[in-house]
Amino acid sequence: MRLFKKTADTPADKPITQTAYTLGPLQSGPPCCVPEPLIRVEKLSLHYGAKPALNEVSLDIYKGCITALIGPSGCGKTSFLSVLNRLTDMIPGCRVSGRVVYDNLDLHNPKLDVQALRRDIGMIFQKPTPFPLSIRRNIELPLREHGISKAADLNDVLQRVLQDVGLWDEIKDRLEAPAQALSGGQQQRLCIARALALQPKVLLMDEPCSALDPISSGVVEDLIQRLRGQYTVIIVTHNLAQARRIANYAGFFWVRERAGCLIEFGQCKQIFDNPAHELTAAYVHGRRG
Ligand SMILES: Nc1ncnc2c1ncn2[C@@H]1O[C@H](COP(=O)(O)OP(=O)(O)O)[C@@H](O)[C@H]1O
Ligand SMILES: [Mg+2]
């Protein structure tokens, strides 16, 4: 994936090349994340107009791992995710400072191709957001926007990603049906399939299970587990049991002096079983928050 735009002063840059689709069945089995930072966040602060929302957050996101972000409402978790694929660009008055380095690239370099970045770093929201189109078109539309239009390629990707999220057998006979006719859990898996179709490296998930019933939530959680190793996942969740079950690393956010800050970051087991900070202990034991 090329993340820099072709510009007059970077003549060596070529247009973004299209990679072959070789996603295949997701890996299963033991976690295979490596302690190698893929995203480094240094002193990240964010303001909405005059209002501070994040204050000097620093942490590393490790490749192939699942990182859970926990903390009460309003402590900046969604804002943090939004910085990582530059959704904050679209919010008038939003200012970001500090440094975010993704795959050795400065995320705020003016030459960064934001469209390519968003292909690399996909986002899944709390409420499933299928387009008001057929199931097939939901997967095809972003692919077409990224220059993939051959029917055979589109069909291959469609089948592969729907298999990856466990939807193919459920919906292969009604691909032309409206996506919004699917159940909430199926819609969320379709949105994950749509993100996977673009072969991202990182998936940002903002409370992806909280709008789902317990059975659908379990299915989506199992799917997220299966993404480990092949994708780097950052998940915001209010479900502490879920964070504990699925995450390798956890970060605990809290509001201090009206701004969200990171109180503690570490291996998930340490955060839950042996937190270093008393606020973390109070939160994970249900005494605060
Ligand atoms: N677009 C926005 N404009 C102004 N304030 C915002 C905006 N989005 C979030 N905020 C504020 O920033 C703070 C952090 O919000 P958010 O990142 O959504 O927290 P969380 O996801 O942890 O609930 C909150 O006080 C929220 O009201
Ligand atoms: Mg939020």
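Conventions we followed
- Residues numbered from 1 in each chain as written.
- Chains lettered and ligands numbered in written order.
- Predicted model: local features only at pLDDT ≥ 70, side-chain atom pairs only at ≥ 80, totals over all residues.
- Near = placed C-beta within 6 Å.
- Helix = DSSP H or I, 4+ residues; strand = E, 2+ residues; numbered from the N terminus.
- Nonpolar A, V, L, I, M, F, W, Y, C, P; charged D, E, K, R; others polar.
- Buried ≥ 20, exposed ≤ 12 C-beta atoms within 10 Å, placed from the backbone.
- Pairing = 2+ DSSP bridges.
- Axes fitted to C-alpha atoms, helices over the stretch in contact; angles between N-to-C directions.
- Parallel < 35°, antiparallel > 145°, perpendicular 65-115°, else oblique.
- Left-handed = near helix turned anticlockwise from the far one by under 90°.
- Contact = placed C-beta atoms within 7 Å.
- Core = buried A, V, L, I, M, F, W, Y, C linked by C-beta atoms within 7 Å.

A few points about the site of ligand 1
Here is step 1: Every residue lining ligand 1 is accounted for by Y48, K51, A53, S73, G74, C75, G76, K77, T78, S79, I91 and G260.
Here is step 2: Of all the secondary-structure elements, those providing two or more residues to the shell around ligand 1 are β2 (51–62) and α1 (77–84).
Here is step 3: Here the element with the most residues in the shell around ligand 1 is α1; it accounts for 3 residues.
Here is step 4: Residue classes in the shell around ligand 1 are distributed as 4 nonpolar, 6 polar and 2 charged.

Points about the pairing of strand β3 (residues 66–70)
Here is step 1: Counting buried residues along β3, 5 of its 5 residues qualify, which places the element largely inside the surrounding structure.
Here is step 2: Neither face of β3 is left uncovered, since the one carrying I66, A68 and I70 and the one carrying T67 and L69 both have all their residues buried.
Here is step 3: Pairing of β3 with strand β8 (residues 232–236) involves 4 bridges; the strand directions are parallel. Across the sheet, A68 pairs through a bridge with I235, a residue of β8.
Here is step 4: Sheet analysis places β3 next to strand β9 (residues 249–256), joined by 4 bridges and oriented parallel.

Here we look at the packing of helix α4 (residues 151–164) against helix α6 (residues 184–197)
Here is step 1: Their axes nearest at 9 Å, the elements α4 and α6 cross at an angle of 130°. Judged by the angle between their axes, α4 and α6 are oblique. For α4 against α6, the interelement crossing comes out right-handed. On α6, the residues touching V157, V161, L162 and D164 of α4 are A193, L196 and A197.
Here is step 2: Counted by class, the contact of α4 with α6 contains 6 nonpolar, no polar and 1 charged residues.

Regarding the nonpolar core
Here is step 1: Of all hydrophobic cores here, the largest spans 75 residues; its most connected members are A68, V161, A193, L203, L204, V233 and A250.
Here is step 2: The dominant element in this core, judged by the number of residues it contributes, is α6, at 7 residues.
Here is step 3: When residues no more than four places from it in sequence are discounted, the contact partners of A250 are A68, I70, A243, C268 and I271.

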